Amino acid sequence: AQSVTQPDIHITVSEGASLELRCNYSYGATPYLFWYVQSPGQGLQLLLKYFSGDTLVQGIKGFEAEFKRSQSSFNLRKPSVHWSDAAEYFCAVGDFNKFYFGSGTKLNVKP
Amino acid sequence: DTGVSQDPRHKITKRGQNVTFRCDPISEHNRLYWYRQTLGQGPEFLTYFQNEAQLEKSRLLSDRFSAERPKGSFSTLEIQRTEQGDSAMYLCASSLRDRDIHYGYTFGSGTRLTVV
């Protein structure tokens, strides 16, 4: 069965510190992988996506993610967090037709 | 292009009433999706259209739910005889499927439904 696990429900980091949000998935084939960010009361904004090729992908707002097939992981990273990064982050896996989302990780940024 | 628009942003309804939501996708996108998001959860797939054809429906979409995309442009999602368990954020997304390239979803801001 297809599933996405984001093991960290809440994460708090200090502004300027590095960030890593974890995502593990279970999927029957090589999936398409996405990270989205959602601010309160807003829709989801695409940060980055992976389909094939280089396993380290760059996204918007200075985010990057690395696909590790052997670990079924697609972790999101940022070297230096800004206060405006406080939001909820969702990992998604799927194919052309539909995607399965994790339950999200809420990021709090301390000044 | 103004992105994906959803209307209304908020809807409060009494249990047992019918509600209808509208989604206007990005004009050049041929695919349109409906997802539901409850508090503390990620979005769950409900259904999707390619042009005007509804290609897949989740088992979450009970017979009280119906979605249409009559001319392959905007879509409506209707919930009949609403129940308190229907309270959620209903998200619409659109995408362009072009051969083997998937450009990712563009989501609307959602319609928050509260059933009282």
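Computed from a predicted structure; not experimentally measured.

1. Observations regarding the sheet that holds strand 7 (residues 65-68) of chain B
Residue and element names in this part refer to chain B.
- Judged by pairing direction, the sheet is antiparallel, and its four strands sit side by side in the order 1-3-8-7 without closing on themselves. Two strands bound the open sheet, and with one partner strand each, they are strand 1 (5-7) and strand 7. Strand-to-strand, the axes of this sheet are offset by a mean angle of 15°, without reference to chain direction.
- Relative to strand 3 (residues 19-24), strand 1 is paired through three bridges, and the arrangement is antiparallel. In the sheet register, Gln6 faces strand 3, and the bridge partner there is Cys23.

2. Observations regarding the interface of chain A and chain B
- Of the residues lining the interface, 20 residues belong to chain A; the matching set on chain B comes to 24 residues.
- Together chain A and chain B conceal approximately 1800 Å² of surface at their shared face, both sides included; 55% is due to carbon and sulfur atoms.
- Counting the surface chain A buries against chain B, the share from its top three residues, Phe96, Asn97 and Phe101 of chain A, is 35%.
- Scanning the region where chain A abuts chain B turns up one salt bridge.
- Salt-bridge contacts for Glu56 of chain B lead to Lys98 of chain A; the nearest nitrogen and oxygen are separated by 2.6 Å.
- For the pair chain A and chain B, the number of links is six residue pairs in polar contact (both at pLDDT 80 or more).
- Broken down by element, the side of chain A that touches chain B gets its largest block of residues, four residues, from strand 5 (residues 32-38) of chain A.
- Among the residues forming the side of chain A that touches chain B, the class breakdown is ten nonpolar, seven polar and three charged.

Cut-off values and rules
- Residues numbered from 1 in each chain as written.
- Chains lettered and ligands numbered in written order.
- Predicted model: local features only at pLDDT ≥ 70, side-chain atom pairs only at ≥ 80, totals over all residues.
- Heavy atoms only, no water.
- Pairing = 2+ DSSP bridges.
- Helix = DSSP H or I, 4+ residues; strand = E, 2+ residues; numbered from the N terminus.
- Axes fitted to C-alpha atoms, helices over the stretch in contact; angles between N-to-C directions.
- Contact = heavy atoms within 4.5 Å.
- Buried area = accessible area lost by both parts, 1.4 Å probe.
- Salt bridge = Lys/Arg side-chain N within 4 Å of Asp/Glu carboxyl O.
- Polar contact = N/O pair within 3.5 Å; in protein donor to acceptor, adjacent residues only side chain to side chain.
- Nonpolar A, V, L, I, M, F, W, Y, C, P; charged D, E, K, R; others polar.

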